[in-house]
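Chain by chain, the residues run as shown.
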Amino acid sequence: MEAQLELLKVEALAKIEAASDVKSLNDVRVAYLGKKGPITDLLKGMGKLPAEERPKIGALVNVIRESVTEILEDRMAKLEELAINEQLEKESIDVTLPGRPARTGNHHPLTRVVEEIEDFFISMGYEIAEGPEVEKDYYNFEALNLPKGHPARDMQDSFYISEDILLRTHTSPVQARTMEAKGGAPIKIICPGKVYRRDSDDATHSHQFTQIEGLVIGEDIRMSDLKGTLSLFAKKMFGDEREIRLRPSFFPFTEPSVEMDISCFKCGGDGCNVCKKTGWIEILGAGMVHPNVLKMAGYDPAVVSGFAFGMGPERIAMLKYGVEDIRHFYTNDVRFVSQFHRTEA
Amino acid sequence: MLVSTKWLSEYVNIEGIAVADLAEKITRSGIEVDSIIDRSHDMTNVVVGYVVECVKHPEADKLNICQVDVGEETTQIICGASNVAAGQKVIVARPGAVLPGGMKIKKAKLRGEESNGMICSLQELAIEGKLVPKAYAEGIYVLPESAVPGSDALPLLGLDDQVLEFDLTPNRSDALSMIGVAYEVGAILSQGIQLPEITYTASNEKAEDMLKLRIDAKEDNPMYVAKVVKNVKVEASPLWLQNRLMAAGVRPHNNVVDITNFVLMEYGQPLHAFDYDRLETGEIAVRLAEQGEKITTLDDAERTLEAHQLVITNGKEPVAIAGVMGGLNTEVHDGTTTVVIESAYFAPGSVRRTSRELGLRSDASTRFEKGVDPNRVEAAAERAAQLMAEIAGGEVLAGSVIVDELDKTPVRITVSPDYINNRLGMKIPLEEMLAILDGLQIPTEAVNGKLIIDAPTRRQDLRIQEDIIEEIARMYGYDLIPMTLPVTESTPGGLSPYQSKRRTVRAFLEGAGLYQALTYSLTSKEQAQSYALETAPVTELLMPMSEDRSILRQSLIPHLLEAATYNVARRMESVALYETGSVFLGEQEDGLPQEVEHVAAVITGKWVDHAWQAETKSVDFFVLKGIVEGMMDSLGLVEGLSFEQTVLDGMHPGRTANIFQNGKRIGLIGQIHPTEQKKRDLKNTYVMEMNLAKILAIETDELLYVPVPRFPSSSRDIALVVSSGTSAGMLRDVIRSAGGKLLKDVRLFDLYEGDNVEEGKKSLAFSLTYADPERTLTDEEVVKAHGKVLNALTTEAGALLRG
């Protein structure tokens, strides 16, 4: 019996050694250790043994079974590792193959600029005001201190629909409408939108373009408030090192009127092709709201004052991104628009 | 406005200041200097020459061999100009000279003859051809006899000069004159200015004895000054005068005309000179034109006048269009001996209207349009008379013939220094303010702590307190204004719900793979209403620039299709664009069209393009439909969204649907009609347009969390055969309503037509999910609910259940 057991062990170990994969090793396991295997058979045959031999043989069977099991498990672990390595080898890929493109679109560059401006001023407590693109002459001109026959109307050749209705030439009528609607209350708004002028389209002109304006009305609003606001804006939009300067200018709806330059963000003020060697770039027009404009909207200019500013997102996008032709914004060439997808932090 | 610094220095001392610095100071304090033109162009070796001898070149008809005295020597120069002649003083570029175009002058041989330099035209010295006196427009320029051979020609021609080009804002018409500029520069440099001194000896004869004056339109012409000058000799102006005019961008003609132009530039007061004899009547009468009345103007064009246009007449017929252009019939000519000088104030509005109607803009009209200085009308006439006496040998008759009802009182402005400082956010001392106003020569008094200002009539832009604030701020320096932030009630700011949801829509569409487009609102008549969700009377421009941009659009689709074609034509065959923008419908009560914001999209080409893993897919209806559904879902509006097949112009009749939200039509979606696609050079192209305003106005429920199911669900699949015309949407609705509240989800997972399915039928397979949030459903409950669904499908939808 003992000899029989030893023989079984030797046999089993040889089979284990010979098994070359997980499957054949499993067959060995079933053959020797399974319910129908010889070891089980031996255990079943123990009943025939004399009672005093049973514990000794039983212990021996268990020892052999455990030792065979242990060796088999070891072997199994090795074969499994081999198998997985083989599988991994097969599954290896060329990681330089192109990935499956994740489809995405992006904002039009002008929307990008407009939203950046909107978001800055929203953080300063402004609201966004919008108004009609087809506008009454009254809101587009008269309420902004541009009575009929005013020479400054020369600057704004317009698309008229009728004698009193036109495509707005700037977003300022939204200011006039907001002031009228607010009935004397303080205002802090940003007005973005499309505007139209009777210009032939070329590299620097477009009959349709966009504007974004701001208006603050309240008691004792000062020109220094305008300057401080614009300075923060310039730093946010064009970099912390930006300086601003104001130059006198003229707009019928503001007095005093200024234009704002920022120190060139490309050369830092040393002079380059972006700033045309001046170190400064003209960004926007601004001023203190003209008392006539306040009066017409029902505010008392003796008590209430305000400032307004306005700029062209096209110009800002052209400067920021180096776009040389304004028509790119309106041809919707995917090769152009799709370039404005990434962040700029 | 071109400001010659050489000319300017006659009125204000600018010595010792670099021109670039001067320009910077002017720009920073109020008038933008666009550019500085160096008229010398760094030319050297350009001298006066005396043509001693001039003979034809034996070998070339058009060339002349000239012996030219250039001071240190007499040298041979070949000249091709036809007007060169012996005895002339000319401009010679000597060997070594570099002319403005970069042309280098060297010794050369022309057809065997030596040439040591070049005799120059003014154009060769970079004077624009349109400014060169007509006599020399086609050849070399001839200098006055007094020119000294060998001397530098540049100062003689006034080319040792730098010219400031002003970009004037419309309010600063005061700087449309040299004297006006002098006031400004004087203030900037804290200096006084020197005005021209007008002295001449008048004859005993009185102007009013020779000329009668009548004004019948005093509203448009409140002031008219006429002077009469006899015995003038019309000839070319002296060189200094010609130089001044050319530097200012005016072409010299003859001394009389040049003097009027000179005074125009100097005083900003346009003048006109009539030939007294050609007036014939000895009378000037100003009146409104008769409707249809004709006049031939100085440019030799016959103009037909309208009844509101102001004309100068000789009492019978028009001799000038007031403030715009003189008439040919009374033009000063070589034989003119007696001149009438007109200096007048014409109402800005009248001149602007007439000049615009006639399409005639001149140096005169631009000044009248903006309003000339009432206090310079007479002075300018006197200045012209003086110059006619000095330059043209004229005899100025005593006095002027004047009609004057023009108000010349200055506008009085009272403003307190506190008001000025409060508005600026500064603390400028009173003395400083007074010094600034004094520098600008604005008469000011400080009375009881207030500034009382009499705005000079030359400064028509000074009317109200704020104008004074600007004067003080710009001269004090905007750089000195501190930076503060508005102290107001603190407001939260932010986007409105509408604006915020619009950003959601954009973000969704971009995340779904569409690029944002921006197209024009103006379109052509044919396209204005194509593909429109809704049409209404169109909004048309009165004066379009082209037919293509003459009407406001009622749909965004046509321009998006144009953008698709544009890209496809440039080999960008896959295009996915969307746009949000207004369409313009009809007319509201206030006369404006209703502006409705829409969102639209176009897709064409491949939607998935990942070829090496065999994943490519062309766009189709369901790609775009999925985007619409996703967009509506992002707004919480996917419940109640439905699509209903329809037929629309320009769209594929079998692949087009109206989009509804809770029964209200909110948009359209579908394929462009194949013939239309072909016309636009597009392959299969799908579009959608929706009424964004309507969608964003729908209020949705608050977003509340629904507990994640804790109990397992059961699913059952159904395979059906129905007639081909039965819509999947209808079947889904039947399933949903029969499934009751245990039915949580219905999903179509197979659609088949063809082999093994009877002709005219199709097979669909749905997967249904049943669940109860409170417990695990028993098999019997699921069977019961599912049985109702199966029953409804057979009885209500006529479906045949398979397997």
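Residues numbered from 1 in each chain as written. Chains lettered and ligands numbered in written order. Predicted model: local features only at pLDDT ≥ 70, side-chain atom pairs only at ≥ 80, totals over all residues. Heavy atoms only, no water.

Peer 1: Is there a simple way to think about the overall build of chain A in this case?
Peer 2: The number of helices and strands found in chain A is 12 helices and 10 strands. Relative to a compact globule of 345 residues, whose C-alpha radius of gyration would be 20 Å, chain A shows 42 Å and is clearly more extended. If you line up chain A on its principal axes, its C-alpha atoms span 130 × 45 × 40 Å. The contacts of chain A with a sequence gap of at least 6 include a subset with a gap of at least 24, amounting to 66%. (Helix = DSSP H or I, 4+ residues; strand = E, 2+ residues; numbered from the N terminus. Rg over C-alpha atoms; globule rule 2.2 N^0.38 Å. Contact = heavy atoms within 4.5 Å.)

Peer 1: Help me out: how do you make sense of the packing of aromatic side chains in this one?
Peer 2: Pairs of aromatic rings are described using the distance from one ring centre to the other and the angle between the two planes. All names here are of chain A. Evaluation of the coordinates by the stated rule reveals 18 aromatic pairs over all chains. Relative to Phe233, the ring of Phe121 lies with its centre 5.4 Å away and its plane at 25°, an arrangement referred to as stacked. Here Phe233 lies in helix H8 (residues 223–238) and Phe121 lies in helix H5 (residues 109–123), a separation of 112 residues in the sequence. A relative accessible area of 0% means that Phe121 is categorised as buried. Taking the relative accessible area as the measure of exposure, Phe233 reaches 0% and is therefore buried. Consider the rings of Phe336 and Phe340, whose centres lie 5.2 Å apart with planes at 65°: the pair is edge-to-face. (Phe/Tyr/Trp six-rings, centres within 6.5 Å; stacked < 30°, edge-to-face > 60°. Buried < 20%, exposed > 50% of the residue type's maximum accessible area, 1.4 Å probe, protein only.)

Peer 1: Mind showing me how you'd approach the interface of chain A and chain B here?
Peer 2: The parts lose accessible area when they come together, and the size of an interface is often stated as this lost area. The partner chain B presents 93 residues to the 97 residues of chain A that form the contact. Linking chain A with chain B are eight salt bridges, by the criterion used here. For the salt bridge of Arg506 of chain B with Glu115 of chain A, the shortest nitrogen-to-oxygen distance reads 3.5 Å. Counting across the interface, chain A meets chain B through 37 residue pairs in polar contact (both at pLDDT 80 or more). In terms of residues, the side of chain A that touches chain B owes the most to one element, H8 of chain A, which gives eight residues. (Salt bridge = Lys/Arg side-chain N within 4 Å of Asp/Glu carboxyl O. Polar contact = N/O pair within 3.5 Å; in protein donor to acceptor, adjacent residues only side chain to side chain.)

Peer 1: Is there a simple way to think about the domain arrangement of chain B in this case?
Peer 2: Per the domain assignment, the segments of chain B are domain 1 (2–29 + 172–188), domain 2 (46–156), domain 3 (207–404), domain 4 (411–480), domain 5 (497–697) and domain 6 (714–802). Each of domain 4 of chain B and domain 6 of chain B has a C-alpha centre, and the two are 85 Å apart. (Domains from an automatic or database assignment.)

Peer 1: Any chance you could explain the packing of H5 of chain A against helix H10 (residues 313–321) of chain A here in plain terms?
Peer 2: Residues and elements named next belong to chain A. Across the interface, H5 lies against H10 with an axial gap of 9 Å and an inter-helix angle of 105°. With respect to H10, the element H5 is oriented roughly perpendicular. Contact residues: Leu110, Arg112, Val113, Val114, Glu116 and Ile117 in H5; Pro313, Glu314, Ile316, Ala317, Lys320 and Tyr321 in H10. The residue inventory of the contact of H5 with H10, partitioned by class, reads eight nonpolar, no polar and four charged. (Axes fitted to C-alpha atoms, helices over the stretch in contact; angles between N-to-C directions. Parallel < 35°, antiparallel > 145°, perpendicular 65-115°, else oblique. Nonpolar A, V, L, I, M, F, W, Y, C, P; charged D, E, K, R; others polar.)

Peer 1: Help me out: how do you make sense of a negative patch on the surface in this one?
Peer 2: Residues and elements named next belong to chain B. Together, Glu526, Glu547, Asp548 and Glu562 make up a negatively charged patch on the protein surface. Mapped onto the fold, Asp548 is located in the loop between strand E28 (522–523) and strand E29 (551–552). Taking relative accessible area as the criterion, Asp548 reaches 48% and is therefore assigned partly exposed. (Patch = residues over 30% accessible without salt bridge, like charges linked within 9 Å, V, L, I, M, F, W, Y side chains within 5 Å. Areas by Shrake-Rupley, 256 points an atom, 1.4 Å probe, with all protein chains shown as cover. Lys, Arg positive; Asp, Glu negative; His and termini not counted. Charge placed at Lys NZ, Arg CZ, Asp CG, Glu CD.)

Peer 1: What exactly am I supposed to notice about the sheet that holds strand E24 (residues 411–415) of chain B here?
Peer 2: Sheet strands line up and pair through hydrogen bonds in the backbone, either parallel or antiparallel. All names here are of chain B. Pairing is antiparallel in the open sheet, where three strands are placed in the order E24-E26-E25. Lying at the two open borders of the sheet, with one neighbouring strand each, are E24 and strand E25 (444–447). Taking each pair of neighbouring strands and ignoring which way they run, the sheet shows an average axis angle of 20°. Bridge count for E24 against strand E26 (residues 450–455) is five bridges, and the pairing is antiparallel. Considered in E26, the bridge of Ile413 is made with Ile453. Of the strands in this sheet, E25 and E26 touch helix H13 (residues 430–439), which is tilted by about 5° from E26. In the packing of helix H14 (residues 465–476) onto the sheet, contacts are made with E24 and E26, and the angle to E24 comes to roughly 75°. (Pairing = 2+ DSSP bridges.)

Peer 1: Looking at this structure, I do not really get the pairing of strand E5 (residues 187–196) of chain A. What am I missing?
Peer 2: Within a regular strand, the side chains alternate between the two sheet faces. All names here are of chain A. With respect to burial, E5 is a largely interior element, 10 of its 10 residues being buried. Residues Ile187, Ile189, Cys191, Gly193 and Val195 line one face of E5 and the alternating positions Lys188, Ile190, Pro192, Lys194 and Tyr196 line the opposite face, and both faces are buried. Note that strand E1 (residues 127–128) and E5 share two bridges and pair parallel. Across the sheet, residue Glu127 finds its bridge partner in E5, namely Ile189. Taken together, the 10 bridges between E5 and strand E6 (residues 208–219) define a ladder with antiparallel strand orientation. Residue pairing for E6: Tyr196 is matched across the bridge by Gln208.

Peer 1: What exactly am I supposed to notice about the pattern of salt bridges here?
Peer 2: Opposite charge on two side chains makes pairing possible when the charged atoms of those side chains draw close. All names here are of chain A. Inspection of the entire model under this criterion finds 65 salt bridges over all chains. Of the charged contacts, one joins Asp164 and Lys148 as a salt bridge, the two residues approaching to 3.6 Å between their closest N and O atoms. Remark: Lys148 occurs in the loop between helix H6 (137–140) and strand E3 (160–162) and Asp164 occurs in the loop between E3 and strand E4 (165–167); sequence separation between them is 16 residues. On the accessibility criterion, Asp164 (45% relative accessible area) is partly exposed. A salt bridge links Glu259 to Arg247; the nearest nitrogen and oxygen atoms lie 3.9 Å apart.

Peer 1: Where do I start with the environment of Arg775 of chain B in this structure?
Peer 2: All names here are of chain B. Looking at where Arg775 falls in the secondary structure, it is placed in the loop between strand E40 (761–770) and helix H21 (779–797). In this structure Arg775 comes out as partly exposed when scored by relative accessible area, which is 34%. Here the alpha-carbon distance between Arg775 and Pro709, two residues 66 residues apart in the chain, equals 9.3 Å. Those residues in contact with Arg775 that lie beyond four places of it in its chain are Phe711 and Glu781.

Peer 1: For this particular structure, what's the right way to read unusual backbone geometry?
Peer 2: Negative phi is the rule for most residues except glycine; trans is the rule for most peptide bonds. The omega angle of the peptide bond from Glu255 of chain A to Pro256 of chain A is -5°, so this bond is cis rather than trans. Positive phi values are uncommon outside glycine, yet Asn448 of chain B reaches one of about 50°. Locating Asn448 of chain B in the fold gives a position in the loop between E25 and E26.

Peer 1: Help me understand the domain arrangement of chain A, please; the structure alone is not making it clear to me.
Peer 2: Taken domain by domain, chain A holds domain 1 (2–91) and domain 2 (109–337). Once you take the C-alpha centre of each, domain 1 of chain A and domain 2 of chain A turn out to be 88 Å apart.

Peer 1: Teacher, can you tell me more about helix H10 (residues 363–370) of chain B here?
Peer 2: Helical geometry: 3.6 residues make up each α-helical turn, so side chains three or four residues apart lie on a common side. Residues and elements named next belong to chain B. Of all eight residues making up H10, six are buried, and the element is well covered by its neighbours. Among all positions of H10, only Ala364, Ser365, Thr366, Arg367, Phe368 and Glu369 are buried. At its buried positions, H10 is contacted by helix H7 (255–267), strand E21 (339–345) and helix H9 (348–358). One or two residues past the end of H10 sits Gly371, with phi positive at roughly 90°.

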